[in-house]
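Single-letter residue listing:
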Amino acid sequence: MTRLKSRRWQVLLAAVLVALSIITLLAIRSQTDTLAVYRPIGEARAAWGALGWGSYRLTLAETGVWAMLNTEVLVEYGSVVAARSTCQPGLIPAGCVVSSLNEADLTVPGLLDSAESRTEATTVTLEGSDPYILTIVHNDPEVLDDEWSLRATAVEVSPGATLPPLLPDAAPVDPLPDLVVPDAADLAGAIDEAEAAWLESGIESYAILVEQADETGVLTVWVVIEGGSVKGVDARCAPVDGAESCAITRLTLGQYRVPDIYGTGLFAAARAAAEADTGDQPPVELHPDLHYPVIIRTETQTITVLALQPLED
């Protein structure tokens, strides 16, 4: 292909992307025009407070240029106890990543606080009170690709309600195999060798089930990773005996990837535990075949990988 033809293809591709962006923007604006009568945030707060719900299920559907996120949350007495989220690509596939779960973005009061703190480019509409339906639309014409809309629907539930699993067809969790305990005399070197072996396997897409236990509760997290990026998460929190509650406050999902990427991931956690090593038990135990850290012990918590299922790319 000549340089001229290559240039023409680049121009054509750019034109297609611009056209798709305009279509998305018009769709968001159209949605804004067809919403129910706009009400101030204060009225939305009052309507929510009047419900007095202790526990509720919140469904969030967020649409933007970069990705479409669908999230379900269980809230008990103001605390997030379970959340599951998946993404689908927008106009730019690389934008489809579930990066974190933050309690401030997963409750109705948190959503209202966030909307109130934004610029005038954000509008809030209360569409119903039971079920409580809230729509937030953001469109800042001065910022490129900054258009998105969020529809939140809350329904009262009884305490102890559950969410459907993220991976209903996941294989049963097998008992842990006989794990490899690295030599304490060269723990750092053993972890480096294990990570090199993991990377050599070429596994970049997998579903991983991680359990994190501390003095307040047990957090169980399924994470789906495709091509090294988090595409789905299912987190559930259960209090330990004697603890009043267990809450999901903030989860940075990169920590559940196996390799050490910019200081996050299971191997990064294993290195940190190895350096601290203050307990009587080994800080790190490795999988005998795939070499990833299965158990990571720190002074405050124990991380256990209960299952890891490679997926087809």
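Relevant structure appears above.
In what follows, the accompanying structure is described.

## So, the state of the cysteines
Inference 1: Across all of its chains, the model carries 2 disulfides by this definition.
Inference 2: The partner cysteine of Cys 237 in its disulfide is Cys 246, sulfur to sulfur 1.6 Å. Each member of the pair, Cys 237 as well as Cys 246, carries the same accessibility label: buried.
Inference 3: Take the cysteines of the chain that form disulfides and number them in order along the sequence; they join up as 1-2, 3-4.

## Some details on helix α5 (residues 266–276)
Inference 1: If you check which residues of α5 are buried, you get Leu 266, Phe 267, Ala 268, Ala 270, Ala 273 and Ala 274.
Inference 2: Buried residues along α5 sit against α4 (187–201), β8 (206–213), β12 (284–286), β13 (293–297) and β14 (302–310).
Inference 3: At the C-terminal side of α5, Asp 277 shows a positive phi close to 20°.

## Some words on the environment of Leu 219
Inference 1: Examined against the element boundaries, Leu 219 turns out to sit in strand β9 (residues 217–226).
Inference 2: For the pair Leu 219 and Cys 237, spaced 18 residues apart in the sequence, the C-alpha separation amounts to 4.5 Å.

## Notes on the pattern of salt bridges
Inference 1: Following the criterion strictly, the structure yields 9 salt bridges and no others.
Inference 2: Between Glu 72 and Arg 84 there is a salt bridge, and its shortest N-O distance comes to 2.6 Å. Note that Glu 72 is positioned in strand β2 (residues 67–76) and Arg 84 in strand β3 (residues 79–89), a separation of 12 residues in sequence.
Inference 3: Classification of Glu 72 as buried rests on a relative accessible area of 19%.
Inference 4: Between Glu 195 and Arg 271 there is a salt bridge, and its shortest N-O distance comes to 2.6 Å. Of this pair, Glu 195 sits in helix α4 while Arg 271 sits in helix α5; the two residues are 76 residues apart in sequence, bridging distant segments of the chain.
Inference 5: Each member of the salt-bridge network shares a partner with another, and the members are Asp 192, Glu 195, Asp 260 and Arg 271.

## A closer look at the nonpolar core
Inference 1: Of all hydrophobic cores here, the largest spans 67 residues; its most connected members are Leu 58, Tyr 132, Leu 134, Ile 208, Leu 251 and Val 258.
Inference 2: At 5 residues, α5 tops the list of elements feeding residues into this core.
Inference 3: With residues up to four places along the chain from it excluded, the contact list for Leu 134 reads Ala 44, Leu 112, Val 124, Thr 125, Leu 126, Leu 150, Arg 151 and Ala 152.
Inference 4: Judged by nonpolar contacts, the second largest core, of 5 residues, contains Val 81, Ala 82, Val 157 and Leu 163.

## Some words on the packing of aromatic side chains
Inference 1: Inspection of every chain in the model, using the stated rule, returns 5 aromatic pairs.
Inference 2: When the centroid spacing of 5.6 Å and the interplanar angle of 80° are considered together, the rings of Trp 48 and Trp 53 count as edge-to-face.
Inference 3: Taking relative accessible area as the criterion, Trp 48 reaches 12% and is therefore assigned buried.
Inference 4: Aromatic ring contacts, followed pair by pair, group Trp 48, Trp 53, Tyr 56 and Tyr 132 into a single cluster.

Thresholds applied
Residues numbered from 1 in each chain as written. Predicted model: local features only at pLDDT ≥ 70, side-chain atom pairs only at ≥ 80, totals over all residues. Heavy atoms only, no water. Disulfide = S-S within 2.5 Å. Buried < 20%, exposed > 50% of the residue type's maximum accessible area, 1.4 Å probe, protein only. Helix = DSSP H or I, 4+ residues; strand = E, 2+ residues; numbered from the N terminus. Contact = heavy atoms within 4.5 Å. Salt bridge = Lys/Arg side-chain N within 4 Å of Asp/Glu carboxyl O. Core = buried A, V, L, I, M, F, W, Y, C linked by side-chain atoms within 4.5 Å. Phe/Tyr/Trp six-rings, centres within 6.5 Å; stacked < 30°, edge-to-face > 60°.

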